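Chain by chain, the residues:
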Amino acid sequence: MLLLAVVVFNFILLSLVPGDIADTLAGESGGASQEVMDDIRRTYGLDRPFHIQLATYVGKVVQGDLGTSYYFNLPVTELILGRIAPTLLLVVTALVLAILIGTLFGVIASRRPNGLFSHFVTVLALVGFAAPVFWTAFLLIVLFVAMLEIMPLSGLVDPTTPRGTLTWYLDVLHHLFLPVLSLSSIYLASYSRLARASMMDVLGSDYIRTARAKGLGETSVTYKHALRNAVIPVITIAGLQFSHIFSGAVVVETVFTWPGLGTLAFESILRGDTPTIMGILFFSAMIVIVVNLLTDLAYRLVDPRIRSARNA
Amino acid sequence: MDAAAPLLEVEDLEVEFRTRHGTARVLDGVALSLQPGRTLGIVGESGCGKSMTALSIMRLVPVPPGRIGAGAVRLKGEDLLQASEKRMREVRGKDISMIFQEPMTSLNPVYSIGDQIAETVRLHEGLSRRDSLDRAIEMLKAVHIPAAERRVREFPHQMSGGMRQRVMIAMALACRPSVLIADEPTTALDVTVQAQVFDLLKEMQEKTGTAIILISHDMGAIAEMADRVMVMYAGRIVEEAATDEILENPRHPYTRGLIACVPHMEEEPPPERGALTEIPGVVPALTDLGSGCSFAPRCDHATDLCRSRAPRPFAVGADHRAACWLYDEAGAA
Ligand SMILES: Nc1ncnc2c1ncn2[C@@H]1O[C@H](COP(=O)(O)OP(=O)(O)O)[C@@H](O)[C@H]1O
Ligand SMILES: [Mg+2]
């Protein structure tokens, strides 16, 4: 239901964008007569009244048909499925790294709230928060590609590497490094700050005093008793921010010409390839819903209060 | 009573806290002695250093901002203030256990109560997972939690405050400690539950022979439970005696005030007062205690001497001491 509303909303929004596929195709073939353009529009049904277009599209989506890309002349679903793996690889790796390393940073910083590392986390959070993703990405390119020359500039993998071999996988990892680093940097910063605050809060609580009074050492107190409680807000924010990280992925993919959904989305917008854009938006909405379910699951694993509240 | 060697002995304990308003001497010359199997009550208004005394014995004073400046805490002769942190971890939960004022927040919300009790047993006695869970069930039964086999798997949020305090008691006594420190164990509970928890503490003491330090701001509770009472004010002990002696014959004006606050303990409440009285005034800020008696500003008997010099404890009866110039026989002459 929610998905349908998203579909309708996207359709309306995109119809407001000036220019269409006819303009693009005409532009690419160096100009076309009005007749040819009208012909293109008729082929794609763009000459029909708006509400008919909308109804036709929604009807197809309900049947699982996302239409055909104007530009590639391929079914949109096929197009997206071909591009989704690199994006998920990028986004999930970046998010998991940001959560793990961010939490670890936060925990270490919370053990000495006035220590050097704690200040480092504060600065990192400020910089990471203030720096736009594309800026971080360019900075990393300048450092690793131009100056150190140890990282590839763009793409998913070197096209000469035979697919499926160990070298191929390593090469993907090599290509993945900079995009992941750029994308995870903002989240790493905010999660370490969040984890630090959350840990400090938890470390001051009564049950931590109880744990110490039982004779537990600081390692057990921190990693067993405190961390599991402190990670709850991190899960909440990570779940909420997942859609946000997708928009970050568009930028990062474009900068590194990573062959994922983000690049496809960016190019499709420039080309006026409405069915593809609509398809990508539809998929993103679905992914966000799935992620919400996963977040819920993670909650249940960590927090027994939620388990019993929802089962009751 | 003094004949037996004390189980726990605190001498001349001094604790300071560095705060924004200067250094606060939170404990000053606190001393106590606890016999095996007996109950010592510590009473005083909020903020007078009762919890800090308990935390110092456990060596759990937050450092910094706190600092244990001087003194000794001897458990069966061993000075815990000189012990290594590793040794302290053995002592905590095994020789000396502690339960706290807030049963609602003192248990970890994400672990089952069985796991939390079993953890202590595993830590100190090296039992297997299974055996330690069996011990947890046994302890839950001992503190009269119904359906212990089922409840052992429940989480703190599934239990009432009274039940949680029972769990805390079960956890604290699981390794049969020789000392149990109960820091206002019933303050957060309602009256009928309070009585049940006190009954349970007494029962467990009879069963296990543990000595108890019972901290409370309620003289009534102390009167029921304790063999001996220590009255604290602004980080010092102002009076100390056997419970009956102190109730019948309170000497320090502050102690008298505290006893007057407990309605049912007076045979006949003075007609001009309500059922419950309060000592007028508030506990002074610990950062700017003058050189005089810290109770002087609130005391009806205060003299110039009280305002200029702090009294030391004077013997005012058999095993009864009060830190008040009223009882300085030498000085009065
Ligand atoms: N972390 C702290 N920083 C500064 N002062 C503290 C801190 N903890 C306790 N104190 C001070 O120590 C004094 C004694 O506190 P406490 O032992 O908790 O009192 P009680 O248990 O008798 O109510 C109080 O005046 C309190 O303000
Ligand atoms: Mg207290």
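Above this text you will find the structure in question.
Residues numbered from 1 in each chain as written. Chains lettered and ligands numbered in written order. Predicted model: local features only at pLDDT ≥ 70, side-chain atom pairs only at ≥ 80, totals over all residues. Heavy atoms only, no water.

J.: What am I meant to see in the overall build of chain A here?
T.: A tally of helices and strands in chain A yields 13 helices and zero strands. Shown N-terminal to C-terminal, the secondary structure of chain A runs as helices and strands in the order α-α-α-α-α-α-α-α-α-α-α-α-α. If you line up chain A on its principal axes, its C-alpha atoms span 85 × 55 × 40 Å. Taken over 312 residues, chain A has a buried fraction of 46%. A fraction of 71% describes how many contacts in chain A between residues 6 or more apart in sequence connect residues 24 or more apart. Just so you have it, chain A exposes about 16000 Å², and 69% of that area is on carbon and sulfur atoms. Across chain A, the 20 positively charged side chains and the 20 negatively charged ones have centroids separated by 20 Å. (Helix = DSSP H or I, 4+ residues; strand = E, 2+ residues; numbered from the N terminus. Buried < 20%, exposed > 50% of the residue type's maximum accessible area, 1.4 Å probe, protein only. Contact = heavy atoms within 4.5 Å. Areas by Shrake-Rupley, 256 points an atom, 1.4 Å probe, with all protein chains shown as cover. Lys, Arg positive; Asp, Glu negative; His and termini not counted. Charge placed at Lys NZ, Arg CZ, Asp CG, Glu CD.)

J.: Just to check I follow, could you spell out the overall build of chain B for this structure?
T.: Regarding its fold elements, chain B presents twelve helices and twelve strands. With the C-alpha coordinates of chain B rotated into their principal frame, the extents come out at 70 × 50 × 45 Å. Each of the 333 residues in chain B was classed as buried or not, and the buried ones make up 54%. Restricting to contacts in chain B with at least 6 residues of sequence separation, those with at least 24 account for 63%. Of the roughly 14900 Å² of accessible surface on chain B, a fraction of 50% belongs to carbon and sulfur atoms. The averaged location of the 47 negative side-chain charges in chain B is 7 Å from the averaged location of its 37 positive side-chain charges.

J.: How do you make sense of the site of ligand 1 when you look at a structure like this?
T.: Residue and element names in this part refer to chain B. Near ligand 1 you find F17, T19, V26, E45, S46, G47, C48, G49, K50, S51, M52 and L286, and these make up its full shell. Here an oxygen atom of ligand 1 sits 3.2 Å away from a polar atom, N or O, in the main chain of C48. K50 is positioned with one of its backbone polar atoms (N or O) 2.9 Å from an oxygen atom of ligand 1. Across the complex, the protein chains shield 67% of the 560 Å² of accessible surface that ligand 1 would expose by itself. Taken together, the elements giving at least two residues each to the shell around ligand 1 come down to β1 (8–19) and α1 (50–58). Looking at the shell around ligand 1, its residues break down into five nonpolar, five polar and two charged. (Near = heavy atom within 4 Å. Polar contact = N/O pair within 3.5 Å; in protein donor to acceptor, adjacent residues only side chain to side chain. Nonpolar A, V, L, I, M, F, W, Y, C, P; charged D, E, K, R; others polar.)

J.: When you look at the sheet that holds strand β2 (residues 22–34) of chain B in this model, what are you seeing that I'm missing?
T.: Residues and elements named next belong to chain B. An order of β2-β1-β4-β5 is seen for the four strands of this open sheet, with the pairing classed as antiparallel. Of all the strands in the sheet, the pair left with one neighbour each is β2 and β5 (78–79). As paired elements, β1 and β2 share ten bridges and run antiparallel to each other. In the sheet register, R18 faces β2, and the bridge partner there is T23. Where α1 meets the sheet, it contacts β1, β2 and β4 (66–75), and its direction lies at approximately 70 degrees from that of β2. (Pairing = 2+ DSSP bridges. Axes fitted to C-alpha atoms, helices over the stretch in contact; angles between N-to-C directions.)

J.: Sorry, what's going on with the packing of aromatic side chains here?
T.: Between two aromatic rings, the relevant description is the distance of the centres plus the angle of the planes. Going through the model one piece at a time under the given rule, you end up with eight aromatic pairs over all chains. With a centroid separation of 5.1 Å and an interplanar angle of 80 degrees, the aromatic rings of Y71(A) and F72(A) are classed as edge-to-face. What makes Y71(A) partly exposed here is its relative accessible area of 30%. Ring-pair connections join several aromatic residues into one group, and the members of that group are F105(A), F117(A) and F120(A). The lysine or arginine in question, R228(A), covers the ring of Y111(B), its NZ or CZ lying 5.0 Å from the ring centre. A cation over an aromatic ring shows up here: R271(A) above the ring of Y71(A), its NZ or CZ 3.8 Å from the ring centre. (Phe/Tyr/Trp six-rings, centres within 6.5 Å; stacked < 30°, edge-to-face > 60°. Lys NZ or Arg CZ within 6 Å of the ring centre and 35° of its normal.)

J.: Looking at this structure, I do not really get the layout of surface pockets. What am I missing?
T.: By rolling a water-sized probe across the atoms, one finds the places where empty space is left. Size it by volume and the largest pocket reaches roughly 1200 Å³. The wall of the largest pocket is formed by 31 residues, among which R212(A), V61(B), P62(B), V63(B) and P64(B) lie closest to the centre. Of all elements in the fold, only α5 (76–111), α8 (166–203) and α9 (206–213) of chain A together with α1 and α2 (85–91) of chain B reach the threshold of two or more residues within the lining of the largest pocket. No other element matches α1(B), which puts three residues into the lining of the largest pocket. Taken together, the residues of the lining of the largest pocket break down into 15 nonpolar, six polar and ten charged. (1 Å grid on protein atoms, 1.4 Å probe; cavity = no way out; pocket = protein on both sides within 12 Å on 5 of 7 lines; lining within 4 Å. Points joined across faces, edges and corners; volume = space filled by probe spheres on them.)

J.: Just to check I follow, could you spell out the pairing of strand β7 (residues 179–183) of chain B for this structure?
T.: Where a strand is regular, its side chains alternate between the two sheet faces. Residues and elements named next belong to chain B. Of all five residues that make up β7, five are buried, and the element is covered over most of its length. Residues of β7 alternate between two faces, with V179, I181 and D183 on one and L180 and A182 on the opposite face, all of them buried. In terms of strand pairing, strand β6 (residues 96–99) meets β7 through four bridges, oriented parallel. For I99, the partnering residue across the bridge sits in β7 and is A182. Here five bridges tie β7 to strand β8 (residues 211–216), and the two strands are oriented parallel to one another. Bridge assignment links V179 to a residue of β8, and that residue is A211.

J.: Before we go on, may I ask you to explain the sheet that holds strand β9 (residues 228–233) of chain B in this structure?
T.: The strands making up a sheet are joined through hydrogen bonds of the backbone, oriented either antiparallel or parallel. All names here are of chain B. As summarised here, the arrangement of the eight strands in space is β6-β7-β8-β3-β9-β10-β12-β11, forming an open sheet in which the pairing is mixed. Bordering the open sheet on either side are β6 and β11 (314–317), each of which pairs with just one other strand. Going from strand to strand, the sheet's axes swing by 20 degrees on average, the running direction of each strand aside. Strand direction decides the pairing type here: β9 and strand β10 (residues 236–242), joined by six bridges, are antiparallel.

J.: Sorry if this is basic, but what is going on with the interface of chain A and chain B here?
T.: By convention, interface size is frequently given as the accessible area that disappears when the constituent parts associate. Contacts between the two partners involve 20 residues from chain A and, on the opposite side, 27 residues from chain B. Taking both partners together, chain A and chain B bury about 2100 Å²; carbon and sulfur atoms supply 58% of that area. Contact with chain B buries surface across chain A, with R209(A), A213(A) and K214(A) losing the most and accounting together for 28% of the total. On inspection of chain A and its partner chain B, the count reaches three salt bridges. (Buried area = accessible area lost by both parts, 1.4 Å probe. Salt bridge = Lys/Arg side-chain N within 4 Å of Asp/Glu carboxyl O.)

J.: What exactly am I supposed to notice about the environment of S132(B) here?
T.: Residue and element names in this part refer to chain B. Among the secondary structure elements, S132 is positioned in helix α4 (residues 129–142). With 187 residues separating them in the primary sequence, S132 and D319 have C-alpha atoms 44 Å apart. Not counting residues within four places of it along the chain, the set of residues in contact with S132 comprises A118, V121, R122 and L127.

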